[in-house]
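# A structural walkthrough
Each chain, written out:
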Amino acid sequence: MTRINIIDPRDLCDQHLLAEHRELTRIPNDIVKREGNVPLSKEKAYLLGQGHVTFFRDKLLFLKNRYDALHEECLKRGFNVSYRWPEDAINFPKLWNDYDVTDQDIALNQERINERMPVNPRFTKHL
């Protein structure tokens, strides 16, 4: 599973923040490994489950900005994380698109987060 949330990283609990920071780079790393030859999604809106990763393959600008925000939030919370964005991803300009998040996207993502929010107090959100 590769999670890509769209809600503000500041609103994620520690567990979700760290997991997304670790998992997000799977998409650009796969693109680099496959030299940009990856199937793309025909979906126009954010989705969860099957097709979620494919949806983001041509949205590297969004992913890079998201990763930078996640990384910054991890550092603010005092986590010792490495910056692992693959610099070679820049070699695939046709995949460097952004994504405009909608209120519907946020509601869908927030609902999933609420379902999976851990009960363990050590994973609470930092405010």
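Keep in mind the model is a prediction, meaning the values are calculated, not measured.

## Some words on the side chain of N5
With respect to the helices and strands, the residue N5 is situated in the segment before α1 (14-23). Within the structure, N5 has its side chain in polar contact with the side chain of N109 (distance 2.9 Å). Leave out the neighbours within four places in its chain, and N5 touches L12, E20, Y46, R66, N109 and I113.

## Re the pattern of salt bridges
The final tally for this structure, using the stated rule, is 11 salt bridges. Here R66 and E20 are joined by a salt bridge, their closest N and O atoms 2.8 Å apart. Of this pair, R66 sits in helix α4 (residues 60-76) while E20 sits in helix α1, placing them 46 residues apart in sequence. Overall, the relative accessible area of 7% leaves R66 in the buried class. Its salt-bridge partner being D68, residue K64 comes within 3.0 Å of it at the nearest N-O pair. Of the two residues, K64 and D68 are both situated in helix α4; the distance of four residues between them amounts to about one turn of the helix. In this structure K64 comes out as buried when scored by relative accessible area, which is 19%. Looking at D68, the relative accessible area reads 27%, which means it is partly exposed.

## Topic: the state of the cysteines
Taken as a whole and judged by the stated rule, the model has zero disulfides. As a non-bridged cysteine, C74 has C13 as the owner of its nearest cysteine sulfur, 11 Å distant. With relative accessibility at 0%, the residue C74 sits in the buried group.

Parameters and conventions
- Residues numbered from 1 in each chain as written.
- Predicted model: local features only at pLDDT ≥ 70, side-chain atom pairs only at ≥ 80, totals over all residues.
- Heavy atoms only, no water.
- Helix = DSSP H or I, 4+ residues; strand = E, 2+ residues; numbered from the N terminus.
- Polar contact = N/O pair within 3.5 Å; in protein donor to acceptor, adjacent residues only side chain to side chain.
- Contact = heavy atoms within 4.5 Å.
- Salt bridge = Lys/Arg side-chain N within 4 Å of Asp/Glu carboxyl O.
- Buried < 20%, exposed > 50% of the residue type's maximum accessible area, 1.4 Å probe, protein only.
- Disulfide = S-S within 2.5 Å.

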